[in-house]
Amino acid sequence: MMKKITKNILLFAAFILLLSCKQQQARMPISRSSGTFMKESAERNKKLIAGEEGKIDSIIKSNPKIKYFASKKGYWYSYISKNERDTLRPQKGDIAQFDYEIMDMKGNVVYSEIELRPQTYVVDKQNILMGLRDGIKLMRKNEKVSFLFPSHMAYGYRGDTKRIKSNEPIICNVTLNDFKPQTKVETTNKTEN
C-alpha cells in the first residue's frame, strides 16, 4: 500500500511538473508609451515657430522699403550694404573676419559690435550660431547683412545663459570684412616666421 501511495504521489508530482512546463509568454509592460509626449512636444514646437515667424513677418511688413530674402534654412535677411563687384563667397575651410551685433526683435542691442569684435571664423569648421554659419557663406567681402534668425537658428531652447532668453529670435547685423582660403593664411604665416 505504501508503494502505491508513493507511486501515486510521484505520478501526481510528474503531472504537476508537466503542467507547469508549458511555454511562458512575455509579460506586458506595466505602463505603455502612447507617443503623446512626442505629439505634444511637436505641437509645442510648431506653435513656438509660428509665433517667432509671426514676429519676423511683422518686422518685414513694417519695413516695406527693405527687401528681405528667405533662406533655405528658415531665416530671412536683407542687405544693408551690398558688394556688386565681387563674386566670391566664403567656402568651407576659408578664414572669415567679420563683425556683428545682436539685437532683440524690437531692435534693442543685446550685444554690441564692440563687445563681440573681432571675429575670426574657419568656415564650417568652428562652432558658431547655426544661422551665422550658413549666413556668412551667402555674403561677399565688405557686405553688411541684417539676418532675422528664429531661435532654432540662434541660441535655441537654452538661450545664451546671459542676456538672450530661451527660445528668443534675434536680429544679427553682420559685416564680412574679409576672407581668405585657409591654405593662403597658413602659407603667409610660415613665410613670416
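Scroll up a little and you will see the structure.
Reading the values: rules and limits
- Residues numbered from 1 in each chain as written.
- Predicted model: local features only at pLDDT ≥ 70, side-chain atom pairs only at ≥ 80, totals over all residues.
- Heavy atoms only, no water.
- Helix = DSSP H or I, 4+ residues; strand = E, 2+ residues; numbered from the N terminus.
- Buried < 20%, exposed > 50% of the residue type's maximum accessible area, 1.4 Å probe, protein only.
- Contact = heavy atoms within 4.5 Å.
- Areas by Shrake-Rupley, 256 points an atom, 1.4 Å probe, with all protein chains shown as cover.
- Expected span 1.5 Å × (residues − 1).
- Core = buried A, V, L, I, M, F, W, Y, C linked by side-chain atoms within 4.5 Å.
- Polar contact = N/O pair within 3.5 Å; in protein donor to acceptor, adjacent residues only side chain to side chain.

Colleague: Teacher, can you tell me more about the overall build of the protein chain here?
Modeller: When helices and strands are tallied, the protein chain shows five helices and seven strands. Starting at the N terminus and walking to the C terminus, you meet the elements of the protein chain as α-α-β-β-β-β-α-β-α-β-β-α. Put simply, the protein chain has 193 residues, and 34% of those count as buried. Across the protein chain, the fraction of contacts at a sequence separation of at least 24, relative to all contacts at a separation of at least 6, is 68%. When the accessible surface of the protein chain is split by element, carbon and sulfur atoms take 55% of a total near 14,000 Å².

Colleague: Looking at this model, I keep getting lost on helix α2 (residues 36–62). Mind explaining?
Modeller: What sets the pattern is the α-helix's 3.6 residues per turn: residues three or four places apart point alike. Relative to the 39 Å expected for 27 residues at 1.5 Å per residue, α2 spans 39 Å between its end C-alpha atoms, a close match to the ideal helical length. For α2, the complete set of buried residues consists of S41, E52, I56, I59 and I60. Buried positions along α2 lie against β2 (76–81), β6 (144–149) and β7 (170–180).

Colleague: Is there a simple way to explain the nonpolar core in this structure?
Modeller: Counting 27 residues, the largest nonpolar core has I102, F147, F149 and C172 as its most contacted members. Taken together, the elements giving at least two residues each to this core come down to β3 (95–103), β4 (109–111), β6 and β7. Broken down by element, this core gets its largest block of residues, five residues, from β7. Those residues in contact with C172, other than ones at most four positions away along the chain, are Y100, E101, I102, L129, V145, S146, F147 and F149. The next biggest cluster of nonpolar side chains, apart from the first, holds nine residues, and it includes I59, Y68, M103 and I171.

Colleague: Which parts of the structure should I look at to understand the side chain of N173?
Modeller: Inspection of the secondary structure assignment puts N173 in strand β7. Polar side-chain contacts of N173 include one of 2.8 Å to the side chain of S146. In this structure N173 touches I80, D99, Y100, E101, M103, K144, V145 and S146, once residues within four positions along its chain are discounted.

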